[in-house]
Structures are given as C-alpha cells and as structure tokens.
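So the chains spell out like this:
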Amino acid sequence: MTPQEYVEEVLRLVESIPEGRVMSYGAIADVLADRSGRNSARQVGTIMARNGGGVPWHRVVTSAGRMPPGHEQEARQRLLSEGVPVKGEHVDMTRASWLP
C-alpha cells in the first residue's frame, strides 16, 4: 500500500465510524496494520491533522479518551450532541469504542 493509499484508507475508516461512537488513533492503526504494513498511532494522528477536515475527525480520540489536541471544546460539543458518553474531559472508552 502506498503512502497515499494509506491516507485514503485511514480517512475511509474514520468516515465509517458510526455516530455516537469513537475509535482511538491506535485502534485505527491496528485495524489497517495487516493490509498496510504500517501500525503507528502517531502516523494516524498526523494524517488526521493534515487531511481529516472532511471526515468526522471528532470521533478519533486517544486510547485514554482524550479529544483531538487543540480542538477539545469543539470535539466535546460534537461528541455530546451525538450521545457519546463523556466523563469529565475524556470519552468513556469502555462504552463508546467502536471497531469495524
């Protein structure tokens, strides 16, 4: 898989996250690892930062449930409006995590 194909696969996977659910950067990397030969949550984060504006970026959080850095307030508002369970400043990953 080329680097551009990997970007497209990450964005396609993010688009498939259902409303009211989230995935972590690491979970996205894990799901795509076998097909892509890559497995880096950091790389997924970079892809989201550079190319994620057209997909539901707010549904991608850290494994601890922290919202995208620099966009916490907007992400929190969007997630709450979708019914995502939030505890304090973190998404309740036990209840909100999704895997395809």
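Residues numbered from 1 in each chain as written. Predicted model: local features only at pLDDT ≥ 70, side-chain atom pairs only at ≥ 80, totals over all residues. Heavy atoms only, no water.

**Details of the overall build of the chain**
Piece 1. Looking only at helices and strands, the chain has five helices and four strands in total.
Piece 2. The N-to-C order of helical and strand elements in the chain reads α-β-α-α-β-α-β-β-α.
Piece 3. In summary, the chain has a C-alpha radius of gyration of 13 Å against a globular reference of 13 Å for 100 residues, a match within 12%.
Piece 4. Here the chain holds 100 residues, and 45% of them are scored as buried.
Piece 5. Partitioning the contacts of the chain with sequence separation of at least 6, the portion at a separation of at least 24 is 60%.
Piece 6. Just so you have it, the chain exposes about 5700 Å², and 46% of that area is on carbon and sulfur atoms.
Piece 7. For the chain, the distance from the average site of its 12 positive side-chain charges to the average site of its 12 negative ones is 4 Å. (Helix = DSSP H or I, 4+ residues; strand = E, 2+ residues; numbered from the N terminus. Rg over C-alpha atoms; globule rule 2.2 N^0.38 Å. Buried < 20%, exposed > 50% of the residue type's maximum accessible area, 1.4 Å probe, protein only. Contact = heavy atoms within 4.5 Å. Areas by Shrake-Rupley, 256 points an atom, 1.4 Å probe, with all protein chains shown as cover. Lys, Arg positive; Asp, Glu negative; His and termini not counted. Charge placed at Lys NZ, Arg CZ, Asp CG, Glu CD.)

**Some details on the nonpolar core**
Piece 1. Counting 29 residues, the largest nonpolar core has Val 10, Val 14, Val 22, Ile 28, Val 44, Met 48 and Val 91 as its most contacted members.
Piece 2. Elements supplying a minimum of two residues to this core: helix 1 (3–16), helix 2 (25–36), helix 3 (41–51), strand 2 (60–61), helix 4 (72–81) and helix 5 (93–96).
Piece 3. Sequence-distant contacts of Met 48, defined by excluding residues within four places in its chain, comprise Val 10, Leu 11, Val 14, Tyr 25, Val 55, Trp 57 and Val 60. (Core = buried A, V, L, I, M, F, W, Y, C linked by side-chain atoms within 4.5 Å.)

**Observations concerning the layout of surface pockets**
Piece 1. The volume enclosed by the largest pocket comes to roughly 220 Å³.
Piece 2. What lines the largest pocket is Tyr 25, Gly 45, Met 48, Ala 49, Gly 52, Gly 53, Trp 57, Val 60, Pro 68, Pro 69 and His 71.
Piece 3. A total of three residues in the lining of the largest pocket trace back to one element, the largest contributor, which is helix 3.
Piece 4. Partitioned by chemical class, the residues of the lining of the largest pocket number seven nonpolar, four polar and no charged. (1 Å grid on protein atoms, 1.4 Å probe; cavity = no way out; pocket = protein on both sides within 12 Å on 5 of 7 lines; lining within 4 Å. Points joined across faces, edges and corners; volume = space filled by probe spheres on them. Nonpolar A, V, L, I, M, F, W, Y, C, P; charged D, E, K, R; others polar.)

**Section: the environment of Asn 51**
Piece 1. Structurally, Asn 51 is set in helix 3.
Piece 2. The spatial distance from the C-alpha of Asn 51 to the C-alpha of His 71 is 15 Å, given a sequence separation of 20 residues.
Piece 3. Discounting chain neighbours no more than four positions away, the residues touching Asn 51 are Val 7 and Leu 11.

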